[in-house]
Amino acid sequence: MVRILYFAALADTLGRTSEQLELPAGVATVAELLESLRQRGDPWHSALVKSAVRVTVNRGFATAETAVAEGDEIALMPKRA
């Protein structure tokens, strides 16, 4: 499982501040994780647009290509305008 933390407007929009999630098969990067979450439909799809979200993995800023694995802590926060 990974722990996902949601901050600021994302927490408000998605109605939660965190969740525990089994990584779906084939999800090994930040980009793949975001796509998997967007597949939940709205409001996930519109809230997790790649250009609008900053991501950390284990408290270090991440890129789309950053690996994710079981046991990671992943934080999602809106980018500042």
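Check the entry above for the structure.
This paragraph deals with the overall build of the protein chain. Helices and strands together make up the secondary structure of the protein chain, namely three helices and five strands. Here the C-alpha atoms of the protein chain give a radius of gyration of 11 Å, agreeing with the 12 Å that 2.2 N^0.38 yields for 81 residues. Dimensions along the principal axes, computed over C-alpha positions, put the protein chain at roughly 30 × 25 × 20 Å. By the burial criterion, 38% of the 81 residues in the protein chain qualify as buried. If you take every contact in the protein chain between residues at least 6 apart in sequence, the share linking residues at least 24 apart comes to 54%. Both charge centroids of the protein chain, one from 9 positive and one from 10 negative side chains, sit 7 Å from each other.

Attention shifts here to the pairing of strand β3 (residues 53-57). Among the five residues in β3, four count as buried, and that is most of the element. In this structure, β3 lies alongside strand β5 (residues 73-78), joined through five bridges in antiparallel fashion. Its bridge partner being in β5, R54 is matched across the sheet by M77. With two bridges connecting them, β3 and strand β4 (residues 60-61) associate as antiparallel partners. Across the sheet, T56 pairs through a bridge with F61, a residue of β4.

Judged by which residues are buried, strand β2 (residues 18-21) turns out to be one-sided: E19 and L21 face inward and are buried, whereas S18 and Q20, on the alternate face, are not. Of the strand pairs in this sheet, strand β1 (residues 2-6) and β2 are connected by four bridges, and their pairing is antiparallel. From the neighbouring strand, L5 faces β2, where its bridge partner is S18.

This next bit is on the environment of T29. You can see T29 is positioned in the loop between β2 and α2 (30-38). For the pair formed by T29 and R3, sequence separation is 26 residues and the distance between their alpha carbons is 15 Å. If we skip the residues at most four places from it in the chain, T29 touches A64, E65, T66, A67 and V68.

The rules we used
Residues numbered from 1 in each chain as written. Predicted model: local features only at pLDDT ≥ 70, side-chain atom pairs only at ≥ 80, totals over all residues. Heavy atoms only, no water. Helix = DSSP H or I, 4+ residues; strand = E, 2+ residues; numbered from the N terminus. Rg over C-alpha atoms; globule rule 2.2 N^0.38 Å. Buried < 20%, exposed > 50% of the residue type's maximum accessible area, 1.4 Å probe, protein only. Contact = heavy atoms within 4.5 Å. Lys, Arg positive; Asp, Glu negative; His and termini not counted. Charge placed at Lys NZ, Arg CZ, Asp CG, Glu CD. Pairing = 2+ DSSP bridges.

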